[in-house]
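Chain and residue survey
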Amino acid sequence: MVNLIPLAVLLRSAGDDMRYPNKVYLLTKLLDEDPDGLNHQANYRSQVVSANMQQVNLTFAPNGTVYNATVIRVYGRYQADAIGLDGEYVEGDNDTIHEIQKVSQHDKQTAFYIIHNEVILHGE
């Protein structure tokens, strides 16, 4: 029975790579020394985590507006102010980060929602 515990842990960690095949950078804002400076740019601390990413169309607004979004799910409870995607995030370049629109926490998972644009339905 004692041998089953390490085997279960190994199976769990191998399974996480299959469910969370992508890499993202969870970004947390650092305290700003000069927020009123002319060349002000927020500084972030990054944490690399494995993630599952999915493109979806979501309705957030009460008026039924549909948005193209990416849902980024990570195993565990995390907090972040912004997200950088693997392959496009460049540390120190705020043009390569994505603003988080919504965060939802589930049992052992955190989901971050990033909105890309509004979906135009039926030529509206």
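Higher on the page you've got the structure.
My aim in this report is to walk through the structure given alongside it, one point at a time. (Residues numbered from 1 in each chain as written. Predicted model: local features only at pLDDT ≥ 70, side-chain atom pairs only at ≥ 80, totals over all residues. Heavy atoms only, no water.)

Concerning the pattern of salt bridges
- With the rule as written, the count across this model stands at one salt bridge.
- The salt bridge partner of Asp86 is Lys23, with a shortest N-O separation of 3.8 Å. With Asp86 in the loop between β4 (82-85) and β5 (97-99) and Lys23 in strand β1 (residues 22-29), this residue pair connects regions lying 63 residues apart in the sequence.
- Owing to a relative accessible area of 45%, Asp86 belongs among the partly exposed residues under this scheme. (Salt bridge = Lys/Arg side-chain N within 4 Å of Asp/Glu carboxyl O. Helix = DSSP H or I, 4+ residues; strand = E, 2+ residues; numbered from the N terminus. Buried < 20%, exposed > 50% of the residue type's maximum accessible area, 1.4 Å probe, protein only.)

What about a negative patch on the surface?
- Taken together, Asp32, Glu33, Asp34 and Asp36 make up a surface patch of like negative charges.
- Mapped onto the elements of the fold, Asp34 is located in the loop between β1 and β2 (44-59). (Patch = residues over 30% accessible without salt bridge, like charges linked within 9 Å, V, L, I, M, F, W, Y side chains within 5 Å. Areas by Shrake-Rupley, 256 points an atom, 1.4 Å probe, with all protein chains shown as cover. Lys, Arg positive; Asp, Glu negative; His and termini not counted. Charge placed at Lys NZ, Arg CZ, Asp CG, Glu CD.)

A closer look at the environment of Asp107
- Of note, Asp107 is situated in the loop between β6 (102-105) and β7 (109-118).
- Asp107 sits 30 residues away from Arg77 along the chain, and the two C-alpha atoms are 8.7 Å apart.

Observations concerning the packing of aromatic side chains
- Counted according to the given criterion, the structure contains two aromatic pairs.
- For the ring pair Tyr25 and Tyr89, a centre distance of 4.9 Å and an interplane angle of 40 degrees mean the geometry is tilted. Of this pair, Tyr25 sits in strand β1 while Tyr89 sits in the loop between β4 and β5, and the two are 64 residues apart along the sequence.
- Given a relative accessible area of 14%, Tyr89 falls into the buried group.
- The ring of Tyr113 has Lys102 lying over it, and the distance from NZ or CZ to the ring centre is 5.2 Å. (Phe/Tyr/Trp six-rings, centres within 6.5 Å; stacked < 30°, edge-to-face > 60°. Lys NZ or Arg CZ within 6 Å of the ring centre and 35° of its normal.)

Quick notes on the sheet that holds β5
- Taken in spatial order, the seven strands make up an open sheet running β5-β4-β1-β2-β3-β7-β6, and their pairing is antiparallel. On the outer flanks of this sheet lie β5 and β6, each paired with one strand and no other. Along the sheet, successive strands turn relative to each other by an average axial angle of 40 degrees, direction set aside.
- Relative to β7, strand β3 (residues 66-75) is paired through nine bridges, and the arrangement is antiparallel. Note that in β7 the partner of Val74 across the bridge is Thr110. (Pairing = 2+ DSSP bridges. Axes fitted to C-alpha atoms, helices over the stretch in contact; angles between N-to-C directions.)

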